[in-house]
Amino acid sequence: MNVLTGTDAGTGRLTGRHGHVEVRRLDPGEALPEGAAGTESAVVVLSGTLSGLDRGATLFLPPGGPADLTAGPEGAALLLVRAGGAERPTVATPLPDGTDHVSSAVLAAGGGFSDMRVRWLVCGSAGGSTRLVVATSTFAPDGHHELHRHPSAEEFFMVLDGSGEHLTETGAIRLGPGDVVLVGAGEWHGYRTDPGVTTTTVYGYLGAASLDEAGYEVRA
């Protein structure tokens, strides 16, 4: 497991076996660098604007797709997720808000969580990704996700608002706004929001196009 704290996330990157995740800051008018050949990307606007997209907007960039994206007059802070993917004859597409779900079918079947809502933003069925997933989760006060793992994919997890504890086999790690975690495939992890605090996050998987592909197992 690797952790990038909010204080150093402006230029930081966490790299895994299937790709990487970073928080990148663009100066006004600066363009987003294109990904390497065969790489698909997802961009989440954290602050400022990117080619007219405001905070919270999500953009999927297929391999070979256009990346002529520039920061607005106030600059932009971005969560950039990249993973190797298959070529697709598609173009960069701003994604509409997903549908709120208490859980996906896979989560519902596996259980292991309380007071957590999930919204899928980028996956095989939303945007056409082949090797990455991006979603948001909201933990109501006292919400939690018990120790679980994904055998076939890495998971990144970033706190946007609120605070709590990232759970591991060996103990808990404090997370606050701007903190990012990259969890290896098959590694047990979870999250517990602080008492009385609502936590919103953006998270997802590298190496899979859905939670079903990533796998989901709750620790007994």
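Everything discussed here concerns the structure shown above.
Quick summary incoming for the structure in this document. Here the structure is a predicted model, which means the values were calculated and not measured. (Residues numbered from 1 in each chain as written. Predicted model: local features only at pLDDT ≥ 70, side-chain atom pairs only at ≥ 80, totals over all residues. Heavy atoms only, no water.)

1. Some thoughts on the pattern of salt bridges
(1) Moving on: Using the criterion set out here, one finds seven salt bridges in the structure.
(2) Moving on: Between Arg192 and Glu165 there is a salt bridge, and its shortest N-O distance comes to 2.5 Å. A residue pair is termed long-range when its members are at least 10 positions apart, and Arg192 in strand β14 (residues 189–193) and Glu165 in strand β11 (residues 164–168) qualify at 27 residues.
(3) Moving on: When the shortest N-O distance is used, the salt bridge between Glu169 and Arg219 registers 3.2 Å. (Salt bridge = Lys/Arg side-chain N within 4 Å of Asp/Glu carboxyl O. Helix = DSSP H or I, 4+ residues; strand = E, 2+ residues; numbered from the N terminus.)

2. Re the packing of aromatic side chains
(1) Moving on: For the structure shown, the criterion picks out four aromatic pairs.
(2) Moving on: The interplanar angle of 50° and the centroid separation of 5.0 Å between the aromatic rings of Phe139 and Tyr191 together place this pair among those described as tilted. Here Tyr191 lies in strand β14 and Phe139 lies in strand β9 (residues 132–149), a separation of 52 residues in the sequence.
(3) Moving on: The class for Phe139 is buried, based on a relative accessible area of 1%.
(4) Moving on: Measuring from centroid to centroid gives 5.1 Å for Phe157 and Tyr191, while their planes differ by 40°, and the two rings are tilted. Here Phe157 is found in strand β10 (residues 154–161), whereas its partner Tyr191 is found in strand β14, with 34 residues between them in sequence.
(5) Moving on: One aromatic cluster is present, formed by Trp120, Tyr203 and Tyr205 through successive ring pairs.
(6) Moving on: Taking the ring centre of Trp188 as reference, the NZ or CZ of Arg219 above it sits at 5.8 Å. (Phe/Tyr/Trp six-rings, centres within 6.5 Å; stacked < 30°, edge-to-face > 60°. Buried < 20%, exposed > 50% of the residue type's maximum accessible area, 1.4 Å probe, protein only. Lys NZ or Arg CZ within 6 Å of the ring centre and 35° of its normal.)

3. Overview of empty space enclosed by the protein
(1) Moving on: Within the structure shown, the criterion is met by one cavity of 30 Å³ or more.
(2) Moving on: Taken as a whole, the largest cavity encloses approximately 170 Å³ of empty space.
(3) Moving on: Around the largest cavity, the lining is made up of 19 residues, and of these His145, His148, Glu155, Phe157 and Tyr203 lie nearest the centre.
(4) Moving on: Only β8 (113–122), β9, β10, β14 and β15 (199–206) provide two or more residues apiece to the lining of the largest cavity.
(5) Moving on: If one sorts the elements of the lining of the largest cavity by residue count, β9 sits on top with four residues.
(6) Moving on: Looking at side-chain class alone, the lining of the largest cavity contains eleven nonpolar, seven polar and one charged residues. (1 Å grid on protein atoms, 1.4 Å probe; cavity = no way out; pocket = protein on both sides within 12 Å on 5 of 7 lines; lining within 4 Å. Points joined across faces, edges and corners; volume = space filled by probe spheres on them. Nonpolar A, V, L, I, M, F, W, Y, C, P; charged D, E, K, R; others polar.)

4. Observations concerning the environment of Gly196
(1) Moving on: You can see Gly196 is positioned in the loop between β14 and β15.
(2) Moving on: Each C-alpha atom of the pair Gly196 and Gly143 lies 9.5 Å from the other, and the pair is 53 residues apart in sequence.
(3) Moving on: When near neighbours in sequence (up to four residues on either side) are disregarded, Gly196 contacts Pro141 and Asp142. (Contact = heavy atoms within 4.5 Å.)

5. A few points about the nonpolar core
(1) Moving on: Grouped together as the largest cluster of nonpolar side chains are 22 residues, with contacts concentrated most on Leu46, Leu79, Val81, Val122, Val134, Phe156 and Met158.
(2) Moving on: Aside from chain neighbours lying at most four places away, what touches Val134 is Ala42, Val44, Trp120, Leu121, Val122, Phe156, Val202, Tyr203 and Gly204.
(3) Moving on: Counting residues in hydrophobic clusters, the runner-up holds 21 residues, among them Trp120, Cys123, Ala153 and Tyr191. (Core = buried A, V, L, I, M, F, W, Y, C linked by side-chain atoms within 4.5 Å.)

6. Focus on unusual backbone geometry
(1) Moving on: In the Ramachandran plot, Asp115 falls in the positive-phi region, its phi being about 55° despite a non-glycine side chain.
(2) Moving on: Locating Asp115 in the fold gives a position in strand β8.
(3) Moving on: Exposure remark for Asp115: the relative accessible area of 45% places this residue in the partly exposed category.
(4) Moving on: Residue Asp142 is not a glycine yet carries a positive backbone phi of 75°.

7. Some details on the environment of His189
(1) Moving on: Tracing the backbone shows His189 in strand β14.
(2) Moving on: A sequence separation of 34 residues divides His189 from Glu155, and the C-alpha atoms of the two residues are 9.5 Å apart.
(3) Moving on: Ignoring sequence-local partners within four residues, the contact set of His189 consists of Glu146, Leu147, His148, Arg149, His150, Glu155, His166, Leu167 and Val183.
(4) Moving on: Here the side chain of His189 touches Glu155 through a polar contact of 2.8 Å, side chain to side chain. (Polar contact = N/O pair within 3.5 Å; in protein donor to acceptor, adjacent residues only side chain to side chain.)

8. Notes on the side chain of His150
(1) Moving on: Here His150 shows up in the loop between β9 and β10.
(2) Moving on: Note on His150: relative accessible area 2%, which makes it buried.
(3) Moving on: Within polar-contact distance, the side chain of His150 engages the backbone oxygen of Gly215 at 2.7 Å.
(4) Moving on: Non-local contacts of His150, meaning those with residues more than four positions away in its chain, are made with Glu155, Ala185, Gly186, His189, Tyr205, Leu211, Ala214, Gly215 and Tyr216.

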